[in-house]
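Secondary and tertiary structure notes
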Amino acid sequence: MFLKTELQGNVVIPAESLDAKGLMLQKAIFVRLLDDFAKRKATKDLGYLLALKTVEKIGEGKVRQHTGDVLFPVTFSAISFKLFRGEILEGVVHKVLKQGVMLRCGPIENVYLSSSKMPDFNYVPGENPVFYNNVSKIEKGVTLRVIVIGAKWLEAEREFQALVGLHADYLGPVP
Amino acid sequence: MSDKGGKGFTPGVKSSLKDASAKGGKDDGSAKSKKTRNVQFASQAKGGKTDGAAGKKEQEPLQLKVEAELPKGAICLMDCEAADVLQGIQDQMVILSKDPTIKLPVSFDRGLQYTKKNIHYTDPDSVRQVLENLKTYGVTDGEICVIANVYPETADEVFALLPSLKARRIMLDDPVSDVLSELAKLKKKE
């Protein structure tokens, strides 16, 4: 699910970026915030950080001693993507294994659907392995509507892994 | 549900204890009867608890509790709303990308592509207004976003995918049906 969050942070601007013109300062703050976003990639609370929506407020700058940099407290709103338990999502299959399939849901690459959560689907091995039931087929490139069973935050990789299922009505391949 | 299970389970154990003590009293020493009682109690407890837990797992479907896990200051966005916002940012980036210092997060493109696949409605603001009516019946923001994202055709689909609403189906059936018929007018013609 997409989230819009208002956040507060501190942006440090080196002395050489400061300019007499107010606009250039705002640009420097914006660029720094975007840079920080791009580096952080994701957090446990907010999920995957997608974009900076608006900079609501820039507070009074404080000069840091010794370095001469200026620290600005900034209030901004951001768009992020996070998985919630019980949420209904659509994902695209990118890997088919005997034990289940791997899906991609938006920015999340590692969404795992176990074969035990795919009632009535049977694995058919081959060059392009698939899961079949009497009505439909699950193979690479197919879009599936799934329910989120759980999500795990991996601190080292700064990403989420999710577990999903098809074990309820109205879930499965989407035409 | 768990409370009911607990209340139902405890008297059963107590009665088996009484039976065991009665039998024990007639037989050998009190120590032996106590041991028998303890074993019986433990096995009863284990059996009862396992049954209870298995019953719980079978009966309780996955409940959506977005509000419990939502970080402070965050609000849920429907996919169509996020699509508008992200597309707007991308349009601005076309101008800003001339500056090499400005870069977007890696996840941005994937997020934008995901929203573009799920654009079912012509006007996200109208969709939000229609679904807001469900809030007066206690439907949460997270549940409203899931309903919008799922693009349901029938009320049955809504209640099947959101078990948290099933318990209040009697109250919600008519409002949900009304909302779905309004959403059908806002659906994008393919």
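The structure under discussion appears in the preceding block.
Now for a quick tour of the structure. (Residues numbered from 1 in each chain as written. Chains lettered and ligands numbered in written order. Predicted model: local features only at pLDDT ≥ 70, side-chain atom pairs only at ≥ 80, totals over all residues. Heavy atoms only, no water.)

Some remarks on the interface of chain A and chain B
One frequently used descriptor of interface size is the decrease in accessible area upon assembly of the parts. Each partner contributes residues to the interface: chain A has 45 residues there, and chain B has 43 residues. Each partner contributes to the roughly 3,600 Å² buried at the junction of chain A and chain B, and carbon and sulfur atoms together form 67% of this total. For chain A, the biggest contributors to the area lost against chain B are Met 1, Phe 2 and Tyr 170 of chain A; these three give 18% of the whole. Linking chain A with chain B are two salt bridges. We note a salt bridge from Glu 157 of chain B to Arg 145 of chain A, for which the minimum N-O separation is 2.9 Å. Linking chain A with chain B are five residue pairs in polar contact (both at pLDDT 80 or more), by the criterion used here. For the side of chain A that touches chain B, the secondary structure elements donating two or more residues are strand E1 (2–13), helix H1 (22–40), strand E3 (47–58), strand E5 (70–81), strand E6 (88–96) and strand E12 (143–154) of chain A. For the side of chain A that touches chain B, the element with the most residues is H1 of chain A, which contributes seven residues. (Contact = heavy atoms within 4.5 Å. Buried area = accessible area lost by both parts, 1.4 Å probe. Salt bridge = Lys/Arg side-chain N within 4 Å of Asp/Glu carboxyl O. Polar contact = N/O pair within 3.5 Å; in protein donor to acceptor, adjacent residues only side chain to side chain. Helix = DSSP H or I, 4+ residues; strand = E, 2+ residues; numbered from the N terminus.)

Side note on the packing of helix H6 (residues 124–132) of chain B against helix H7 (residues 141–150) of chain B
All names here are of chain B. Contact geometry for H6 and H7: axes closest at 10 Å, N-to-C directions at 125°. Regarding the angle of H6 to H7, the classification is oblique. Judged by the twist between their axes, the crossing of H6 over H7 is right-handed. Where H6 abuts H7, its residues Val 127, Arg 128, Leu 131 and Glu 132 lie against Asp 141, Ile 144, Cys 145, Ile 147 and Ala 148. Partitioning the contact of H6 with H7 into residue classes produces six nonpolar, no polar and three charged. (Axes fitted to C-alpha atoms, helices over the stretch in contact; angles between N-to-C directions. Parallel < 35°, antiparallel > 145°, perpendicular 65-115°, else oblique. Left-handed = near helix turned anticlockwise from the far one by under 90°. Nonpolar A, V, L, I, M, F, W, Y, C, P; charged D, E, K, R; others polar.)

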